[in-house]
Amino acid sequence: MNAGTYPARNLFRRRGRTILTLAVVAVVVLIFNLLRTVDHGWKVGAEEAAKDRLATRHKVSITMQLPKRYIDDLRDPNKIKGIKAATWANWFGAKDPRERTPFFAGFAADHHSWFDVMDEMKVDPAALEAWKQTRDGAILGDVLAKTLGVKVGDNLVIASDIYPGEWKFKVVGIYTPLRKTVDRNSMVFRWDYLNDDPRASFSKEQIGWVMSRIDDPSKSAEISRAIDKMFDERDDQTVTMSERAFQLSFLGGFGAILSAFDLVSIVILLIMMMILANTVAMSVRERAHEYGVLRAIGFSPRYVFAFIVGEATLIALLGGLTGALLTMLLINGALGPMMEENMGAFFPYFRTPMSVIGLSLAGAVVIGVISGLAPAIGAARRKVTDALRRVD
Amino acid sequence: MVPIRYNVRSLLVRKVTTIATAGGIALVVFVFAAARMLGEGAERAMTSSGRDDNVIILRKGADAELSSGVGNDYKKLGDRPEVAQVGGVGAIGEIVIVITAELADGSGGLSNVLVRGMPAEGIAFRPEVKIVSGRAPKPGTNEVIVGRAISGRFKGVGPNQSFELRRNRPLQVVGEFAAAGSSYESEVWGDLDVIRKYLGRESVVSSVRVRLTDPSKFEAYRMAVEGDKVFSVKVMRERDYYQKQAEGTSQFLTITGTIIAILFSIAAMLGAAITMNGAVANRSKEIGTLRALGFSRLAILTSFVLESMILAVGGGIIGLGFVMLLTMVSFPVMNFQTFSEIIIGFQATPGIVVGALIFSAAMGLLGGLTPAIRASRVSPIEAMRA
């Protein structure tokens, strides 16, 4: 008999209790993983976003636009070195008048350059050609097309947050994602179609933001500074940043909620610690007599200590593994794909990474050890005679 | 029925176990109540910006001031018999933009701040607004005042500081204002014409507000204005407008919080079940004695369910005690309609307190039910012989 077999044999002596405790640990690990996945899904864009792409927008406000001629300055290799291609878009903020979907990203973009720069959105060359021929042509993400029930060749009527009235489009193509962080729930149409419409006269010859592709990703900070410096003396100053930082600037206020999530994921670990410590304490109390016997037949206090901590750790580890399995099944197998389809604008990628699963397992084991400590020290210190005499 | 004192004493005897289990439930209730208090705080801050006799007019199709635009002929919207003249003016046109500001805490984080340009009468139009430090801005200048909730939170947006709207066009902060805890306290207010000129948007306002002579005149006014072909606008009661604005944010907070709390409560219920199972196992002799004394199976069942509920509600009360401390702090949340931050307080209501207690009692009931059934099945003869 050693410090390994004794806890293992004891594990299922109180089968009901052990199973319940395993369930607690498994559920806690699952919740912890879910919370961390939200956080990870939020930040993953930064790692997955194209490193060779920069976004330039108005320095003061996300609602203010830039003069269209800025694009010519950006594309001029005599003014800025290192930019391979640049394209632009305007926010349209699409709403479906028939309310099949509450809201999706709609924007007007330059039809000559948009898909060259945004090359993770894959469009059929024929569809791209059709787009260039069709003034009111629109290209939709595959998920959005499914939600709206439209296919290539159909007409589509969309309303906007910003521009009055209803806007008619012809679906000329569907894009599919080449990278997991692509929002498949958006729609892009031609900038000139918007710009020439009298309803958009207040933003005539203005562009929302510029996306540039650069030669050398390691120079992105340098190029960003050069771009902003070029426009610094103009009326409308710019701020250039990574693509993900740009996306997040619309949702900056969301950050505080995520820090609340950080706190909440610590709270759930505390709950687990309390419940686990309670289980261990209950078992130790019941077996006080038995530990007395072990000591009486010659096991040193160190053994008693190791038996108790070992058992707590074993429960935590088994529960943690169950939780990890549940995470794979429920989050990565069911919830993740659902989130990506319905909330792609916020969470284009919603899966628990192995690093988070590893962290939760490590957390469970550490908490197992901690919750075993206090009862184990108590039991190891108890005098043999007291332990043998104790009846409760 | 078994006296409740029996249960209370049993709980007190198992101190460590009781504290651990109640502590777990306290944490769950804390999270549950905190999320709902935040949702309530957001709703209250946003809806208290609105008044029943005020009307807000936006471009038809726009959902929020930020995306709306009404032409300069808006002043005619105030020339109607239903409209009260405030300071000699009927229609208050305002411009609303959000600006990107860097947090002043040095983290480099960015967030969005709402800036509102209003005519001189704009402040008088909102009697709840009080200047709490500095002074009111001079009309027609680049002076602005900042709401006290966000004062000093962002670089340049604090007393005696300035920030630029465009190159060499700074806004100078000359004072701080309070607005009875409403979301106005998370805004910056300046002069309508100066801000419009800085933005190059002299010909439009974002929204128009009018005060009705009586709230009951709303329908008459709405029909008249929406029916007027000159304007293509939407007329809403200000209170309804803010109610709708608040919906997204407060629903998001409440739903997220409730989902988390329900998941957490599974763990806490299992914890209660472990504790009660242990109690039943240790006390089988006692239970047998009670049965032998003539207490029915039902009485035993009720007794153990009650014990579990007392344990859980005790934990719930501890959790509520701690959550009340949160009413002293404020928290930034995002207004989904404007992309800007509003700073809100945690708001406790009787409904939330009662809800949290019911929630903890339910955890105790569900967690304690199976062990209690087991207890009621204890055979008196076997238990006493063991």
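Residues numbered from 1 in each chain as written. Chains lettered and ligands numbered in written order. Predicted model: local features only at pLDDT ≥ 70, side-chain atom pairs only at ≥ 80, totals over all residues. Heavy atoms only, no water.

Draft legend 1. Layout of the overall build of chain B. Counting its secondary structure elements, chain B contains ten helices and 15 strands. Computed over its C-alpha atoms, the radius of gyration of chain B comes to 29 Å, more than 25% above the 21 Å expected for a compact globule of 386 residues. By its C-alpha atoms, chain B is 95 × 50 × 30 Å across when sized along the principal axes. Across the 386 residues that make up chain B, the buried fraction comes to 55%. Partitioning the intrachain contacts of chain B with sequence separation of at least 6 by distance along the chain shows that 78% fall at a separation of at least 24. Split by element, the accessible area of chain B, about 15600 Å² in all, is 60% carbon and sulfur. (Helix = DSSP H or I, 4+ residues; strand = E, 2+ residues; numbered from the N terminus. Rg over C-alpha atoms; globule rule 2.2 N^0.38 Å. Buried < 20%, exposed > 50% of the residue type's maximum accessible area, 1.4 Å probe, protein only. Contact = heavy atoms within 4.5 Å. Areas by Shrake-Rupley, 256 points an atom, 1.4 Å probe, with all protein chains shown as cover.)

Draft legend 2. Representation of the interface of chain B and chain A within the structure. Each side of the interface is counted separately: chain B has 53 residues, and chain A has 53 residues. Summed over both sides, the interface of chain B with chain A buries roughly 4300 Å², with 67% coming from carbon and sulfur. When the buried surface of chain B facing chain A is broken down by residue, Arg167, Phe264 and Ile274 of chain B rank first, second and third, together holding 16% of it. Our count for the chain B to chain A interface comes out at two salt bridges. Close ionic contact of aspartate 63 of chain B with lysine 95 of chain A constitutes a salt bridge, the shortest N to O distance being 3.2 Å. Of all the secondary-structure elements, those providing two or more residues to the side of chain B that touches chain A are helix 2 (15-47), strand 4 (91-102), strand 5 (110-118), strand 8 (162-166), helix 6 (238-282) and strand 14 (330-334) of chain B. In terms of residues, the side of chain B that touches chain A owes the most to one element, helix 6 of chain B, which gives 18 residues. Class assignment for the residues of the side of chain B that touches chain A results in 30 nonpolar, 15 polar and eight charged. (Buried area = accessible area lost by both parts, 1.4 Å probe. Salt bridge = Lys/Arg side-chain N within 4 Å of Asp/Glu carboxyl O. Nonpolar A, V, L, I, M, F, W, Y, C, P; charged D, E, K, R; others polar.)

Draft legend 3. Main features of the packing of aromatic side chains. Scanning the model with the defined rule gives 25 aromatic pairs over all chains in all. Judged by centre distance (6.1 Å) and plane angle (70°), the rings of tyrosine 163 of chain A and tryptophan 167 of chain A are edge-to-face. Like tyrosine 163 of chain A, the residue tryptophan 167 of chain A is buried in the burial classification. Chaining the aromatic ring pairs together yields one cluster made of Phe92, Tyr163, Trp167, Phe169, Phe189, Tyr193 and Phe202 of chain A. Of note, arginine 199 of chain A hangs over the ring of tryptophan 167 of chain A, and the distance from its end group to the ring centre comes to 4.0 Å. Its end group placed over the ring of phenylalanine 125 of chain B, arginine 211 of chain B keeps NZ or CZ at 4.5 Å from the ring centre. (Phe/Tyr/Trp six-rings, centres within 6.5 Å; stacked < 30°, edge-to-face > 60°. Lys NZ or Arg CZ within 6 Å of the ring centre and 35° of its normal.)

Draft legend 4. View of the packing of helix 7 (residues 284-292) of chain B against helix 8 (residues 297-324) of chain B. Residue and element names in this part refer to chain B. As a packed pair, helix 7 and helix 8 sit with axes 10 Å apart at the nearest point and diverge in direction by 140°. Relative to helix 8, the element helix 7 lies oblique. In this structure, helix 7 meets helix 8 at a crossing whose hand is right-handed. In this structure, helix 7 uses Ile287, Leu290 and Arg291 to contact helix 8, whose residues at the interface are Arg297, Ile300 and Phe304. Among the residues making up the contact of helix 7 with helix 8, the classes are represented as four nonpolar, no polar and two charged. (Axes fitted to C-alpha atoms, helices over the stretch in contact; angles between N-to-C directions. Parallel < 35°, antiparallel > 145°, perpendicular 65-115°, else oblique. Left-handed = near helix turned anticlockwise from the far one by under 90°.)

Draft legend 5. Local environment of a nonpolar patch on the surface. All names here are of chain B. Taken together, the side chains of Met1, Ile4, Val8, Leu12 and Ile310 present a nonpolar region at the surface, about 450 Å² in accessible area. Broken down by element, the residue count for the nonpolar patch peaks at three residues, all from helix 1 (residues 4-13). Turning to its location among the elements, methionine 1 is positioned in the segment before helix 1. The exposure class of methionine 1 is exposed, given its relative accessible area of 63%. (Patch = residues over 30% accessible without salt bridge, like charges linked within 9 Å, V, L, I, M, F, W, Y side chains within 5 Å.)

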